[in-house]
Amino acid sequence: MKKFIIPFIALEWITISGASSAAYIKWDFPLSVCIGIVVLAAFLTLFFSKMVEMKEEMYDGK
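Residues numbered from 1 in each chain as written. Predicted model: local features only at pLDDT ≥ 70, side-chain atom pairs only at ≥ 80, totals over all residues. Heavy atoms only, no water.

Q: Summarise the overall build of the chain; cite the residues concerned and give the values.
A: Along the backbone of the chain there are two helices and zero strands. Taking all 62 residues of the chain together, the buried fraction comes to 10%. For the chain, the exposed surface amounts to about 5200 Å²; the carbon and sulfur share of it is 75%. (Helix = DSSP H or I, 4+ residues; strand = E, 2+ residues; numbered from the N terminus. Buried < 20%, exposed > 50% of the residue type's maximum accessible area, 1.4 Å probe, protein only. Areas by Shrake-Rupley, 256 points an atom, 1.4 Å probe, with all protein chains shown as cover.)

Printed below as a string of C-alpha cells:
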C-alpha cells in the first residue's frame, strides 16, 4: 500500500506548493494565508498517513 501512497503525497505537495505560490503572487493573497494552507496540508497529510499505517498494522496483526 505504501508504494501507492508515496507518489500521491509527492503529487499533493507539488500541487499545494504551486497553488499557494500562485495565490500569493498572482492573486495577492496574504502570505499568512498561504503559509496557513501549507501548514494545514502538512497536518492533514501526516494525520491521514498515520491512520493508514495504523490500519495496515491492524490488518497485518490478524
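The structure having been displayed, the exposition proceeds.
Q: Report on unusual backbone geometry, specifying residues and quantitative values.
A: Of note in this structure, D28 is not a glycine but carries a positive phi near 55°. Tracing the backbone shows D28 in the loop between α1 (2–25) and α2 (31–61).

Q: Which residues make up the packing of aromatic side chains, and what are the values?
A: Evaluated as defined, the whole model comprises two aromatic pairs. Taken together, a centroid distance of 6.2 Å and an interplanar angle of 15° make the contact between F43 and F47 stacked. Here F47 and F43 lie together in helix α2, a separation of four residues that amounts to about one turn. Overall, F43 belongs to the exposed group, its relative accessible area being 53%. Overall, F47 belongs to the partly exposed group, its relative accessible area being 41%. The interplanar angle of 75° and the centroid separation of 5.3 Å between the aromatic rings of F47 and F48 together place this pair among those described as edge-to-face. By relative accessible area, which is 45% here, F48 ends up partly exposed. Among the aromatic side chains, those forming a connected cluster through ring pairs are F43, F47 and F48. (Phe/Tyr/Trp six-rings, centres within 6.5 Å; stacked < 30°, edge-to-face > 60°.)

Q: Describe the side chain of T45, and please don't skip the residues or the numbers.
A: Mapping T45 onto the fold places it in helix α2. Excluding anything up to four places from it in sequence, T45 contacts I9, E12 and W13. (Contact = heavy atoms within 4.5 Å.)

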